[in-house]
Amino acid sequence: MSICAGFALSVVNFMTPKVYNASSSVETYELSRSKHASLYPPAEKINVIEVENFPLLGRLTALRFIEWAQKNPGGVISLPTGKTPEHFIKWVRHILSAWKTKETQQMLDVYGINPSQKPEMRSLSFVQIDEFYPINSSQHNSFYHYVNEMYIEGFGLSLEKARLIDTTSLGLPPGMTMKEVFPENLVDLTLRIRKTTSELERLQKNVINRVDEFCMEYEAAIREMGGIGFFLGGIGPDGHIAFNVRGSSFYSVTRLTGTNYETQAAAATDLGGMEISRNHLVITIGLSTITYNPTCTAIIMASGDAKANVVAHAIQREKNPQYPASVLQELEHARFYLTGGAASELVERKYYDVSSSQSYSDELMDEAIITLSLRLRKPLLSLTLEDFSSDNFTSLLISKTGTQGTEIALNAHHRIIAKIEKGLQHVSGTTFLHTEPHHDDIMLGYLAHLYHLVRDATNLHYFANLTSGFTAVTNAYVVSTLVALETYINDREMQFQFIEGYFKPDNITGRMADVYLYLDGIASKNEERIRRAEAYRLLRNLVEVYHINDNATLPSRILQLRDYFNAQYPGAKDPQDIQTLKGTFREFEVELLWAYFGIETSSIRPLRLGFYTGDIFTAEPEIHRDALPIFEYMKEIQPDVVSVAFDPEGSGPDTHYKALQAVAGALKMYREHDTTKGVRIWGYRNVWYRFKPAEANLFVPVSLNSLSMLHTAFMNCFGSQRAASFPSYEHDGPFSELAQKIQVEQYEMLKTCLGNDFFLRNSHPRLRAARGFIFLKEMELEEFFGKVRELKKRTEAKEF
């Protein structure tokens, strides 16, 4: 047991938790409108309230918070950071600022909140949940900065009553900086218990001890206040709440601690890359800090299918440190506020929905029987009556539809084969517009399929990169390329080409020459050619961004940029010129990729849509700013097929979802422009979301050769992504490896459903060679618009 933990546990015996009023007319009203009850025991062990979409999740949480603050003046609150509380913050601010308006008064009255009693926000005591360590708290990506801006100032809370974690000089001797004590931002917690070996280590040990003392005092202060009365948080990819990662003790208290890979990956964007987040520790309140007061209202809010499994584990499993949020089963007033996607793995709710339905689609039937096949690891045609009766969902469908289980399985078997055959069909004479939110989305989604499509010269391929993707380029990567460019500044060939106009932004021939020089270097394993090509393209990009007309000014510009990046902390928001420059790195990478297939840069359109700004809460897409550029491109090329990253209700309105709305808006404009054009849509997903077999309708086999090409091309072309600075929480490595893993898993699903012999003894060589599968969803425009409206309804709502 650490010193911090031992101290805090002893405090419990002396502090009496404050009794809070946790009654809620807000929840009563919301449940009266819901098709589900708040609890389905014994499967569910924490109460749940579901809403339609992400903004409504924020509104519900805001109203519950306002209600609690009204009933508990002087109470202790602890609120989250990051993107999860976006709409919660917006709604609280709106309600407080528009309290006396007719609309707000009516809304408060409907939800049972006294409209004549505005809560006294300055009476509340705020407790910061967590913070990175070490970090300068003045940085905009520190949680200290976030809570001061969003909550202390934004909600009008009292700074004097707030317990904050300012780590700028926490634990340091007077006059010293974090960089002097922890030169590489590495904090070695083994110094707590081992002997030191140097003067620096002795200094570091003393600092760690003082941070531990701070944690003890922080914990004691919270308990002296009577414990937290209102806790609001999100849930991490490993199920963590606060920074209490998987495996945290239910008795954990405020402490300086490490995190796990999933948490580090989720924090990489905040900190400026995995290289930074992997080495940072955190100070976090503990699980017992949250649950100390038995009358605490503890709410976890979650949106999207990606959170469904960790939500289900917390609610349905027995309490277990592997599911940190399951500790909330101890609290009578703990709640999960969820969207439908986040609640989708709560089995009793799914069963209720199926049992109360009046119609059963092929997709619903297929999902139930395929899930049974995969769970039992038996082919569909090998499932028995005993198997059907042992599964609640399948037996329910048999009862409700009057269809035999064997017939349901046979129908699903035939539909899977039809989807595979569709994926094998030869496509010719087709114009494709491939759209992607980020520059590697298409290749990670369906590169192997494109590999076959480009073989027919009658097919035309155009690409729209919807955002500039600058947030995925680290400062360190840019600096490394600037250093490489400096070695060529005095190169006679480069100077001559500059004078001849080779580096002018509109020199398309020169742009392609950069690409071919780079790929020639890859093919011949000639590092000098590769470095020269990178230097040429960087110079071309500098000319474009900074309007350089005289190469004599280039050294000073490079020096200015190096000074900027060396002075800038990772994760800081860059000014517009730096954002544009970083985006050009991504644009060069995608040109390299499609040149693998002979596609020239003239067929690739970098749209740099304006909704993509790098702000923590970004704007929604707009017709003129975001949809119109896509529409103009459609008019120019007249596509037959448009591909789109087709994501489900995710963790709020992220880049993929916003890009989807922009493309949908452009397609509506295009349909009105040309009513005779029958455009088909290919929806794809990649490393962030996946289709279930029942959802997709086009299955494309992927050979070992194509899997190898996927990884090789990614590593050769996407230089800024090789180090996996902003990885998925599912895989510690480049996205190409995760994409391969997903495609192999999808192959294994189909092999289980159809049986090994279907592939091993198949007459088609591509199926015998298959070791992976791509899942796509082909839609006509009307079906696509219907799906987008459904997604929009789930993910958006009128704000105020």
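Structure: above.
The present account deals with the structure reproduced in this document.

A count of helices and strands for the protein gives 31 helices and 16 strands. Radius of gyration (C-alpha) of the protein: 28 Å, near the 28 Å computed for a compact globule of 800 residues. The burial tally for the protein puts 57% of its 800 residues in the buried class. Within the protein, residue pairs in contact and separated by at least 24 positions form 80% of the contacts whose partners lie at least 6 positions apart. Accessible surface computed for the protein: about 32,400 Å², of which carbon and sulfur atoms make up 51%. Across the protein, the mean location of the 81 positive side-chain charges is 2 Å away from that of the 95 negative side-chain charges.

Buried residues dominate helix α12 (residues 308-316), accounting for seven of its nine residues. When we look at burial in α12, the residues that qualify are Ala308, Val310, Val311, Ala312, Ala314, Ile315 and Gln316. Buried residues along α12 sit in contact with β1 (47-51), β8 (297-302), β9 (334-339) and α13 (347-356).

Within an α-helix, residues lying three or four positions from one another point in the same direction, as the helix has 3.6 residues per turn. Across its 13 residues, helix α18 (residues 441-453) extends 17 Å between first and last C-alpha, which sits within 8% of the 18 Å expected from 1.5 Å per residue. Residue leucine 447 marks the point of greatest curvature in α18, where the axis turns by about 80°. Of all the 13 residues making up α18, twelve are buried; the element is thus mostly covered by neighbouring parts of the structure.

We now examine the packing of α18 against helix α27 (residues 704-717). Packing of α18 against α27 brings their axes to within 10 Å, and their N-to-C directions diverge by 125°. When the interaxial angle is binned, α18 and α27 end up oblique. Between α18 and α27 lies a crossing of right-handed hand. In this structure, α18 contributes Met443, Leu444, Leu447, Ala448 and Tyr451 to the contact, and α27 contributes Asn705, Ser706, Met709, Leu710, Ala713 and Phe714.

The parallel open sheet is built from six strands, whose spatial order is β1-β9-β8-β5-β2-β3. Edge positions in the sheet fall to β1 and β3 (125-126), since each has one partner strand and no second. Here two bridges tie strand β2 (residues 76-78) to β3, and the two strands are oriented parallel to one another. Residue pairing for β3: valine 76 is matched across the bridge by serine 125. In this fold α12 packs onto β1, β8 and β9, with an angle of close to 150° to the strand it touches most, β9.

This part covers the side chain of threonine 295. Structurally, threonine 295 can be placed in the loop between α11 (287-291) and β8. Here tyrosine 20 takes part through its backbone nitrogen, which lies 3.0 Å from a polar atom of the side chain of threonine 295. Among the polar contacts listed, one links the side chain of threonine 295 to the side chain of asparagine 293, at a separation of 2.6 Å. Beyond its immediate chain neighbours, meaning those up to four positions away, threonine 295 contacts Lys18, Val19, Tyr20, Ala22, Gly229 and His333.

Of note, asparagine 705 is situated in helix α27. Assessed through its relative accessible area of 49%, asparagine 705 is described here as partly exposed. It is 13 Å that separates the C-alpha atoms of asparagine 705 and proline 765, two residues lying 60 residues apart in sequence.

Spatial ordering of the open sheet is given by β4-β7-β6, a layout of three strands whose pairing is antiparallel. In the strand order of this sheet, the two ends are held by β4 (130-133) and β6 (255-257), each with one partner. Going across the sheet, the axis of each strand differs from the next one's by a mean of 25°, ignoring polarity. Where β6 meets strand β7 (residues 281-284), three bridges bridge the pair, whose relative direction is antiparallel. Of the residues in β7, the one forming a bridge with leucine 256 is isoleucine 283.

Parameters and conventions
- Residues numbered from 1 in each chain as written.
- Predicted model: local features only at pLDDT ≥ 70, side-chain atom pairs only at ≥ 80, totals over all residues.
- Heavy atoms only, no water.
- Helix = DSSP H or I, 4+ residues; strand = E, 2+ residues; numbered from the N terminus.
- Rg over C-alpha atoms; globule rule 2.2 N^0.38 Å.
- Buried < 20%, exposed > 50% of the residue type's maximum accessible area, 1.4 Å probe, protein only.
- Contact = heavy atoms within 4.5 Å.
- Areas by Shrake-Rupley, 256 points an atom, 1.4 Å probe, with all protein chains shown as cover.
- Lys, Arg positive; Asp, Glu negative; His and termini not counted.
- Charge placed at Lys NZ, Arg CZ, Asp CG, Glu CD.
- Expected span 1.5 Å × (residues − 1).
- Bend = angle between axes of the 7 residues up to and from the residue.
- Axes fitted to C-alpha atoms, helices over the stretch in contact; angles between N-to-C directions.
- Parallel < 35°, antiparallel > 145°, perpendicular 65-115°, else oblique.
- Left-handed = near helix turned anticlockwise from the far one by under 90°.
- Pairing = 2+ DSSP bridges.
- Polar contact = N/O pair within 3.5 Å; in protein donor to acceptor, adjacent residues only side chain to side chain.

Keep in mind that these numbers describe shape and distance, not what the molecule does.
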